[in-house]
Amino acid sequence: MSSLKLGVEVVSAYELLAKDGQGSSNPFVELEFDGQRFRTTTKEKDLNPVWNENFYFNVSDSNKLSSLPLEAYVYSLNKANNAKTCLGKVRLTSTSFVPYSDAVVLHYPLEKRTVFSRAKGELGLKVFVTDDPSIQSSTPLPATVDAVPNSLPKEKNGKRHTFFHLPNAKQSEQQQKFPPMPPQQQMNYGVHEMKSGPPPSRAVHMFPGSSSQPLDYALKETSPFLGGGRIVGGRVIRGDRPTSTYDLVEQMRFLFVRVVKARDLPSKDATGSLDPYVEVKLGNYKGITKHYEKKQNPEWNQVFAFSRDTLHSSVLEVVVKDKNLMKDDSVGFVRFDLNEVPTRVPPDSPLAPEWYRLEDKKGEKKKGELMLAVWYGTQADEAFPDAWHSDAIAPGDSTSVSPTYIRSKVYHSPRLWYVRVNIIEAQDLVPADKNRFPDAYVKVQIGNQILKTKSVQNRNMNPIWNEEFMFVAAEPFEDHLIFSVEDRVGPNKDDAIGKVVISLNSVDRRADDRTIHSRWYNLEKSFSDAMDGDHAKKDKDKFRSRLHVCVCLDGGYHVLDESTQYSSDLRPTAKQLWKPSIGVLELGILNANGLQPMKTREGKGTTDTYCVAKYGHKWVRTRTIVNSLNPRYNEQYTWEVYDPATVLTVGVFDNSQIGGSDNNKDNKIGKVRIRISTLETGRVYTHTYPLLVLHPSGVKKLGELHLAIRFSSTSMPNMMFQYSRPLLPKMHYKRPLSVIQQDILRHQAVNIVAARLGRAEPPLRREVVEYMSDANAHLWSMRRSKANFLRLTSIFSGLFAAGKWFGEVCMWRNPITTVLVHVLFAMLVCFPELILPTVFLYMFVIGVWNYRYRPRYPPHMNTSLSCADAVSPDELDEEFETFPATKSSDLVRMRYDRLRSVAGRIQTVVGDIASQGERLQALLSWRDPRATTIFVILCLTAAIVFYVTPFQVIALLSGFYVLRHPRFRYKTPSPPINFFRRLPARTDSML
């Protein structure tokens, strides 16, 4: 039996059914898991009982934990006959089993035990998994206690509802037929490559109604030969060669050389010492290991990868040398004929290294042996990511590039939390000047985030603020929450009255809007005393000033670290609220073509590029290709998709750390955004995307990026159902954040993510994170405002065209059309019940007709839509001006910055209005094929329903629905609104 245990804390229940005939009940809870049953105490005459009792179940087999459900039954005890009546049940699956550090109290709605029984109320549980050996399992119920009878048929057990979200009795319909996938399961990622000739390409155009742009800036469809075969029109044509697991990249073959260690090396110096290193030579390329001082049995365990396309030699030479100040001496070498090197194909086990005797230049065996392994492989080889690459250096140069800056890596951004701080009051403040009342305020700080309360108008020793603040914090929590009560004694002069330091690890966490109890904290004079938790206990009888605050970690929100228009993840922070994934996104970064030189090296223009892709918490970075304007990456990565209304972002950057200073910023070359909902399921999209960047001198194309993308759905019903769900977690609607709060918190979140990723090796630099996250998209731009206004006018152009057409009908410009309109109008007046069926049938026909002309490619940057092709230099100068401005006096700067801030919000509002109109257009444009399918089917269904149902009945029911009682309303948006908000807009094509 494993040491793993499932802990369950039964907290409380609310609004239970009355079952004793006197308006009350005697409730208790029975828990069942893995053949074990535990029971709480009975609370007499209580419809809102509180237990706070803990139970621990033994997990017999940890491998079967994902298939074991936890069932909690709430009963009412009848003391007259010692019988029990079921008040409801809760059934949880393994998705709700999280580590103790992530566990929070959730209130689950009680479900019916049988079809004909009644259930009402909620049960609060905290469920977690622990392997602490000091925890003993609870005592099970006696054998005389009967189990709860299960009257449901066996075949229906798999259809029990599983609750994952905040309490809502109407939202447990899903997860009926599809087993949930663990939200923490990480998808395997890797790289693979396939070789192909120059792929043919053709330019594709924007969908109808879009703005035209130069052909050089257009998207181009390609037909490369990838791992699964040749891609033609999004379909894979299988070839004669065997297919590969990584089938979205071209095959690139490499010669791998693993230098493991050496033994019994001879000494070369007069002192008898040896400073050995290994030099791997192949043609004009040379790789060098690190050297050891005075060591005759060194160990390197380093891998070198030479691209087979650049091999101009048939002999591999591995030389052991002794490092000296003047000239390095040769100790011995090993030669390999490349025609005799074996080929390794994963998933074969790694090739076993062998000992080779060193030889001198005459071919005679010398003292000393070198352990090596040499084989041919592809980028699917597990040694590829950490290997030294020949395409990362110039021929003949082995020391100019540090491997730290060129390797491909996967990063995971930290899990972010919203910290809600409510500063209520202070008590018995003691200012430095005791002859006056303090002008007190509280300064709250987490890391670099600092907020202050307002001063109290009525000054006294017990000020009351009752102000609430929101902060962003990242796990693991490194910064403390610091309260500093200050006394404003004069202009720019404040005296500290006391401090409080709270560790974020000790703060309560919640996943809903339940009440968090406030606490009193003693104010300490110094920061060190505030950090000392035992200081207050030692002097507990001493008089102290106190501060009354309420602090919690809100896990029911999604922490916005990017613009909502380009969000790649919409899940809440609390893992217990995560839904299973609906699909898998696969990205193959093939190559870049026609890049512009970003630097000069040896009198020639060149660039050292790498790609960064971001989706959800997972960031990927390809290896850096040095000295190439047409780099080939051929690396494949995979993400789990939890929501189709999300965006994948891929950016290309020039690595300024190679041959330069660490203080240089990596230059941006361009980026691509791809909305997942615009991709057809199972289709492979292979296109070259223009890399467009806006500079102070205008828009520039710096090259093209060749990508292969495929979105695969694991559950089509779940994905279709996702279109009716709220876009953001429920807390965003129950306790919404203001627009100003969202902007401030988003800025703090981006800073935290940039700081954490900048500490990785190799670091993902701040300018890269900010560019990928569109950190400055909210700032004022005359160009962007014009673009949003033109988007808005294009939406209303359809109404203007309809008005013009109606005017032509009234003027009898086309007599036949006018007569037909008269006939249609007469029919609708005589038969009003045909109005709605005709409208929906018309939209159904238009949707089916537009299916032939549906877009068959992802959206991309559009210079005309962005108004970047005809922008004036003055507007560009204003857009690239720093914030705050530095070109005028203080007064003008203040007014100018205020104007830019206000205008930036207006610009956002105009863009949001344009997005709503573009979503209306997307209903029938097949921009999102799944959404249009749903809408077309609904139109046909509505046409039939409105046809067979009298119009008066429809009008009456609609009126009653609009005027329904608040009890029958939900705080979250309705499914039609959720469906509409998930429709794609043209923001993805905005620069």
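The structure presented is a predicted model; accordingly, all values stated were derived computationally and were not measured.

**Things to note about the overall build of the protein chain**
Next, step 1: For the protein chain, the helix and strand inventory stands at 14 helices and 43 strands.
Next, step 2: Within the protein chain, the fraction of its 991 residues that count as buried is 51%.
Next, step 3: A separation of at least 24 residues holds for 72% of the contacts in the protein chain among residues at least 6 apart in sequence.
Next, step 4: In the form shown here, the protein chain has an accessible surface area of approximately 47500 Å², with 54% of it arising from carbon and sulfur atoms.

**Looking at the sheet that holds strand β13 (residues 229–232)**
Strands belonging to one sheet form pairs held by backbone hydrogen bonds; the direction of such a pair is parallel or antiparallel.
Next, step 1: Across the sheet, 3 strands lie side by side as β12-β13-β14; this open sheet has antiparallel pairing. Sheet topology places β12 (225–226) and β14 (235–237) at the edges, where each strand pairs with a single neighbour.

**Some points on empty space enclosed by the protein**
Next, step 1: This structure, assessed with the given rule, holds 5 cavities of 30 Å³ or more.
Next, step 2: Around the second largest cavity, the lining is made up of 18 residues, and of these L416, H558, V559, D569 and H617 lie nearest the centre.
Next, step 3: Taken together, the residues that form the lining of the second largest cavity break down as 6 nonpolar, 6 polar and 6 charged.

**Re the pairing of strand β19 (residues 315–322)**
Next, step 1: Burial analysis of β19 places 7 of its 8 residues in the buried class, the great majority of the element.
Next, step 2: Where strand β16 (residues 276–282) and β19 come together, 6 bridges link them in antiparallel fashion. Directly across from V278, in β19, lies its bridge partner V320.
Next, step 3: Strand direction decides the pairing type here: β19 and strand β20 (residues 329–337), joined by 8 bridges, are antiparallel. In the sheet register, D322 faces β20, and the bridge partner there is D329.

**So, the side chain of T609**
Next, step 1: Here T609 lies in strand β37 (residues 609–615).
Next, step 2: If near-sequence neighbours (up to four positions away) are discounted, T609 is found in contact with L595, R623, T624, I625, P631, Y633, V652, F653, D654 and I669.

**So, the packing of aromatic side chains**
Next, step 1: Following the criterion strictly, the structure yields 22 aromatic pairs and no others.
Next, step 2: Each ring, one from F38 and one from F55, has its centre 6.0 Å from the other, and the planes form 15 degrees; the classification is stacked. You can see F38 sitting in strand β3 (residues 36–39) and its partner F55 sitting in strand β4 (residues 50–58), a full 17 residues away along the chain.
Next, step 3: F55 gets classed as buried once you look at its relative accessible area, which sits at 8%.
Next, step 4: Above the face of the Y292 ring, K295 is positioned so that its terminal group lies 4.9 Å from the ring centre.
Next, step 5: Sitting over the face of the ring of Y851, R854 holds its NZ or CZ atom 3.9 Å from the ring centroid.

**Looking at the sheet that holds strand β24 (residues 409–412)**
Next, step 1: Ordered in space as β24-β38-β37-β40-β41, the 5 strands form an open sheet in which the pairing is antiparallel. The sheet is open, and its two edges are formed by β24 and β41 (667–675), each paired on a single side. Each strand of the sheet is rotated relative to its neighbour by a mean of 15 degrees, with strand direction disregarded.
Next, step 2: Alignment of strand β40 (residues 647–654) against β41, held across 8 bridges, turns out to be antiparallel. For F653, the partnering residue across the bridge sits in β41 and is K668.

**Observations regarding the pattern of salt bridges**
Close approach of charged atoms allows side chains with opposite charge to pair.
Next, step 1: Summed over all chains, the structure comprises 46 salt bridges.
Next, step 2: With a closest N to O distance of 2.9 Å, E635 and R623 form a salt bridge. Taken together, the residues E635 in strand β39 (residues 632–641) and R623 in the loop between β38 (618–621) and β39 connect sequence positions 12 residues apart. Of the two residues, E635 and R623, neither departs from the other in class, the shared state being buried.
Next, step 3: Connected through salt bridges with shared partners, the residues D102, R415, E475, R509 and K575 form a single ionic network.

**Observations concerning helix α5 (residues 739–757)**
Next, step 1: The end-to-end C-alpha separation of α5 is 27 Å, in line with the 27 Å expected for 19 residues at 1.5 Å each.
Next, step 2: Taken residue by residue, α5 has L745, R746, Q748, A749, V750, I752, V753, A754, R756 and L757 as its buried positions.
Next, step 3: Packed against the buried residues of α5 are β24, β25 (416–427), β27 (449–452), β28 (464–474), β38 and α6 (766–773).

**Here's the deal with the packing of helix α9 (residues 835–850) against helix α12 (residues 929–948)**
Next, step 1: Two elements in contact, α9 and α12, have axes separated by 8 Å at closest approach and are oriented at 155 degrees. As summarised for this structure, α9 and α12 are arranged roughly antiparallel, according to the angle between their axes. The interaxial crossing formed by α9 with α12 has left-handed handedness. In contact with L836, P837, F840, L841, M843, F844, G847 and V848 of α9, α12 contributes F935, V936, C939, L940, A942, A943, F946 and Y947.
Next, step 2: When grouped by side-chain class, the residues that make up the contact of α9 with α12 number 15 nonpolar, 1 polar and no charged.

**Details of unusual backbone geometry**
Next, step 1: The peptide bond linking E475 to P476 adopts the cis configuration, its omega dihedral lying at -10 degrees.
Next, step 2: Looking along the chain, the bond that leaves E761 and enters P762 is cis, with omega of 0 degrees.
Next, step 3: Take P762: it is sitting in the loop between α5 and α6.
Next, step 4: In this model, N52 sits at a positive phi of 55 degrees, which is unusual for a non-glycine residue.
Next, step 5: Positionally, N52 belongs in strand β4.
Next, step 6: Exposure remark for N52: the relative accessible area of 47% places this residue in the partly exposed category.
Next, step 7: Even without a glycine there, the phi angle at D428 is positive, about 55 degrees.
Next, step 8: Of note, D428 is situated in the loop between β25 and β26 (440–446).

**Focus on the UniProt feature "transmembrane region" (unreviewed entry) in the protein chain**
Next, step 1: Under the local residue numbering, the UniProt record ascribes the feature "transmembrane region" (unreviewed entry) to residues 819–849 and 934–963.
Next, step 2: Counted over residues 819–849, helix gives 87% and strand 0%. Its end C-alpha atoms are 25 Å apart.

**Examining the confidence of the model for the protein chain**
Next, step 1: In the predicted model, the protein chain carries a mean pLDDT of 83, and the fraction of residues at 70 or more is 87%.
Next, step 2: Confidence drops under a pLDDT of 50 for residues 143–200, and excluding neighbours within four residues, the segment shows 165 contacts in the predicted structure.
Next, step 3: Overall, residues 204–210 carries pLDDT values under 50, and its contacts beyond four positions in sequence, including any with other chains, amount to 17 contacts.

**Description of the pairing of strand β15 (residues 253–263)**
Next, step 1: With 10 bridges joining them, β15 and strand β22 (residues 365–378) adopt antiparallel strand pairing. Of the residues in β22, the one forming a bridge with R253 is T378.
Next, step 2: For β15 and strand β18 (residues 299–307), the ladder comprises 7 bridges, and the chain directions are antiparallel. By the bridge assignment for β18, V259 is matched with Q302.

**Focus on a nonpolar patch on the surface**
Next, step 1: A contiguous nonpolar surface patch, about 600 Å² in accessible area, is contributed by L841, V845, L940, I944, Y947 and V948.
Next, step 2: At the level of secondary structure, the elements contributing two or more residues to the nonpolar patch comprise α9 and α12.
Next, step 3: Broken down by element, the nonpolar patch gets its largest block of residues, 4 residues, from α12.
Next, step 4: Topologically, V845 is positioned in helix α9.
Next, step 5: What makes V845 partly exposed here is its relative accessible area of 46%.

**Examining a positive patch on the surface**
Next, step 1: On the surface, a cluster of positive charge is made up of K19, R118, K120 and R967.
Next, step 2: Structurally, K120 can be placed in the loop between β8 (106–109) and β9 (122–130).

**Thoughts on the environment of A119**
Next, step 1: On the secondary structure map, A119 appears in the loop between β8 and β9.
Next, step 2: Residues A119 and K89, 30 residues apart in the sequence, show an inter-C-alpha distance of 8.1 Å.

**Re the environment of R919**
Next, step 1: Structurally, R919 is set in helix α11 (residues 890–922).
Next, step 2: Here R919 falls in the buried class, since its relative accessible area comes to 11%.
Next, step 3: Setting aside residues no more than four positions away along its own chain, R919 makes contact with Q565, F980, R981, L983, P984 and A985.

**A few points about the state of the cysteines**
Next, step 1: Tallying each qualifying case throughout the model produces 0 disulfides.
Next, step 2: As a non-bridged cysteine, C550 has C552 as the owner of its nearest cysteine sulfur, 6.0 Å distant.

**Focus: the environment of F883**
Next, step 1: Mapping F883 onto the fold places it in the loop between α10 (873–879) and α11.
Next, step 2: For the pair F883 and R900, spaced 17 residues apart in sequence, the C-alpha separation works out to 9.2 Å.
Next, step 3: The contacts of F883, once residues within four sequence positions are left out, are D897 and R900.

Procedures and definitions
Throughout, a residue's number is its position along its own chain's written sequence, starting from 1. Whole-chain, interface and lining totals are the exception, using all residues; otherwise, since this is a predicted model, local features are given only for residues with pLDDT of at least 70 and side-chain atom pairs are given and counted only at 80 or more. As a rule here, side-chain values come from all non-hydrogen atoms in the structure, and water together with hydrogens is ignored. Here a strand is any run of E in DSSP of at least two residues, a helix any run of H or I of at least four, and the numbering for each starts at the N terminus. Here's how the labels work: a residue is buried when its accessible area is under 20% of the maximum for its type, exposed when over 50%, partly exposed in between, all with a 1.4 Å probe on protein chains only. Any two residues having at least one pair of non-hydrogen atoms within 4.5 Å are treated as being in contact. Using a 1.4 Å probe, the Shrake-Rupley method yields the accessible areas, and only the shown protein chains count as cover for residues. Note: two strands are recorded as paired if DSSP finds a minimum of 2 bridges between them. In this analysis, the protein atoms alone were mapped onto a 1 Å grid. Cavities are point sets where a 1.4 Å probe fits without being able to get out; pockets are open sets with protein on both sides within 12 Å along at least five of seven lines; lining residues have an atom within 4 Å of a point. Grid points are joined across faces, edges and corners, and a volume is the space filled by probe spheres set on the points. When residues are grouped by polarity, Ala, Val, Leu, Ile, Met, Phe, Trp, Tyr, Cys and Pro land in nonpolar, Asp, Glu, Lys and Arg in charged, and all others, Gly among them, in polar. Between rings of Phe, Tyr and Trp, where Trp is taken as its six-membered ring, a pair exists when centres lie within 6.5 Å; planes separated by under 30 degrees are stacked, by over 60 edge-to-face, and by other angles tilted. Remark: a charge is flagged as sitting over a ring if the NZ atom of Lys or the CZ atom of Arg is within 6 Å of the ring centre and within 35 degrees of the ring normal. Helix axes are fitted only over the stretch in contact, all axes being lines through C-alpha atoms; the angle between N-to-C directions runs from 0 to 180 degrees. A pair is scored as a salt bridge if a Lys or Arg side-chain nitrogen falls within 4 Å of a carboxyl oxygen belonging to Asp or Glu. To estimate the expected span of a helix, count its residues, drop one, and scale the result by 1.5 Å. In these notes the angle categories are as follows: under 35 degrees is roughly parallel, over 145 is roughly antiparallel, 65 to 115 is roughly perpendicular, and the rest is oblique. Should the near helix be turned anticlockwise from the far one by less than a right angle, the crossing is left-handed, and should it be turned clockwise, the crossing is right-handed. UniProt positions are given in the numbering used here, feature names are shortened, and annotations may be inferred rather than shown by experiment. Per-residue confidence from the predictor is reported as pLDDT, a score between 0 and 100. What makes a patch is a set of residues exposed beyond 30% relative accessible area and free of salt bridges, joined within 9 Å when like-charged and within 5 Å when nonpolar (Val, Leu, Ile, Met, Phe, Trp, Tyr). For the purpose of counting charges, residues Lys and Arg are taken to be positive, whereas Asp and Glu are taken to be negative. His and the chain ends are not included. Charge placement uses NZ in Lys and CZ in Arg. For Asp and Glu, CG and CD serve respectively. In what follows, a disulfide is any cysteine sulfur pair within 2.5 Å.

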